[in-house]
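# Working through the structure, step by step
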Amino acid sequence: MQKRMGEAVARVARKVNDTVENKTDSLDLANCKLIAFPVGIYKAMRSVTEGIHCISLANNELKSLTSRFVTTFSQLRELNLAGNYLHRLPEEVTSLLHLRAINLSRNRFRRFPEPLATVATLETIDLEENEITAAEEPENAFLPVGLEEAGRSWWVPKDAEVPVEKLASMTSLRSLNLRANPVSPEVRLLVRPLVPFDLLLSPEEPIPEA
């Protein structure tokens, strides 16, 4: 086990050194067995952080993303966090003014990470294979989303796990992938007519016959 850990540390160090020495705009730390973003990288990369536009931390064991990571790599265009154990994002994600694509597939999100809804530059959000659903609501626990289509007002659960109104206002968004999530019927019925982007959902499971 110690040998494997040593190899993983050496792989991270090699990739960081390559990025710094070659002044590339990307950092690929996928499949490095990381349980947290190594603090030492901040110091090692301090001279090039403003030039980093793409980071992959896919297929590690991350349980959280820190505000320091977000504020350090503030010029990100693409961020790949697929295949970790994340269930939330820090509020500082709203400061990523150039972020165009984020991959959060195969994580542990139960709700849409709302800080993303204020990132005006986002074009692609991938949340495939998470746990995003909607809790059961008492009768009449609905609020209007403030949008109309063909003369009709639309209503959604006030505690819905997918913030319909905020998503509909994201003018740059082109695709939201919610495949393989147990999304509620409200999302299927209401969100698609309201949003101006491609909403990707898995086919509904057929109701078994009695």
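Refer to the preceding data block for the structure.
Not measured: the values here are computed from a predicted model. (Residues numbered from 1 in each chain as written. Predicted model: local features only at pLDDT ≥ 70, side-chain atom pairs only at ≥ 80, totals over all residues. Heavy atoms only, no water.)

### Let's talk about the pattern of salt bridges
Scanning the model with the defined rule gives two salt bridges in all. The partner of Arg-110 in a salt bridge is Glu-131, and the shortest N-O contact between them spans 3.4 Å. Of the two residues, Arg-110 is situated in the loop between strand 4 (101-103) and strand 5 (124-126) and Glu-131 in the loop between strand 5 and strand 6 (142-149); the sequence distance between them amounts to 21 residues. Owing to a relative accessible area of 28%, Glu-131 belongs among the partly exposed residues under this scheme. With a shortest N-O distance of 2.6 Å, Lys-166 and Glu-114 are connected by a salt bridge. One end of the pair, Lys-166, is in helix 4 (residues 164-168); the other, Glu-114, is in the loop between strand 4 and strand 5, and 52 residues separate them in sequence. For Lys-166, a relative accessible area of 43% gives the class partly exposed. With relative accessibility at 31%, the residue Glu-114 sits in the partly exposed group. (Salt bridge = Lys/Arg side-chain N within 4 Å of Asp/Glu carboxyl O. Helix = DSSP H or I, 4+ residues; strand = E, 2+ residues; numbered from the N terminus. Buried < 20%, exposed > 50% of the residue type's maximum accessible area, 1.4 Å probe, protein only.)

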